[in-house]
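Remarks on the overall topology
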Amino acid sequence: MKNLILMSILLLGVVACHNLTQKPEQTDAPVELVELTLHVTGMTCGGCENAVIGALEEIDGIDTATASYVDEQVSVMYDPQKTSAEAITEIIKNTGYTVVSTLETEPE
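Residues numbered from 1 in each chain as written. Predicted model: local features only at pLDDT ≥ 70, side-chain atom pairs only at ≥ 80, totals over all residues. Heavy atoms only, no water.

Side note on the environment of Leu56
Tracing the backbone shows Leu56 in helix α2 (residues 46-57). On the basis of relative accessible area, Leu56 is assigned to the buried category, the value being 0%. Each C-alpha atom of the pair Leu56 and Thr89 lies 9.5 Å from the other, and the pair is 33 residues apart in sequence. (Helix = DSSP H or I, 4+ residues; strand = E, 2+ residues; numbered from the N terminus. Buried < 20%, exposed > 50% of the residue type's maximum accessible area, 1.4 Å probe, protein only.)

Right under this line is the structure:
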């Protein structure tokens, strides 16, 4: 009986070790990013641009974000499986700026 218990423990250890060394499956499917450009008012300086970019870069699924207070635009490349245009708009609003309209949305 003692040998059976020891064999069971040893077997469980080997299985657990094997599971830890397995790599997760990776998909080769490329992520199709979407470009979203928004007309945003209320930004008055480079600090405003940085505040918007910083807030957007915290969102999972944002690939790149740029902002221009001169052009009153924010552009974002994002993964639509991880976030949405609505979530991006809400983040900008929560940062203190007004999203007037969507200028363009197109797949890459």
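So that's the structure; there's more coming.
Looking at unusual backbone geometry
Even without being glycine, Glu72 reaches a positive phi, approximately 55 degrees. Residue position: Glu72 is located in the loop between β2 (62-68) and β3 (73-78).

Some points on the side chain of Ser75
Here Ser75 lies in strand β3. In terms of polar contacts, Ser75 uses its side chain to reach the side chain of Thr37, at 3.3 Å. Filtering out sequence-adjacent residues up to four positions away, Ser75 remains in contact with Leu36, Thr37, Thr64, Ala65 and Thr66. (Polar contact = N/O pair within 3.5 Å; in protein donor to acceptor, adjacent residues only side chain to side chain. Contact = heavy atoms within 4.5 Å.)

Some words on the nonpolar core
In this structure, Leu56, Val74, Ile88 and Ile92 are the most contacted members of the largest nonpolar core, which totals 20 residues. Residue assignment for this core shows that the elements contributing at least two residues are β1 (34-41), α2, β2, β3 and α3 (85-94). Residue contacts for Ile92: discarding those within four places in its chain leaves Leu38, Val40, Val52, Leu56, Val74, Tyr97 and Val99. (Core = buried A, V, L, I, M, F, W, Y, C linked by side-chain atoms within 4.5 Å.)

Comments concerning the pairing of β2
Pairing between β2 and β3: six bridges, direction antiparallel. By the bridge assignment, Thr66 is partnered in β3 with Ser75. (Pairing = 2+ DSSP bridges.)

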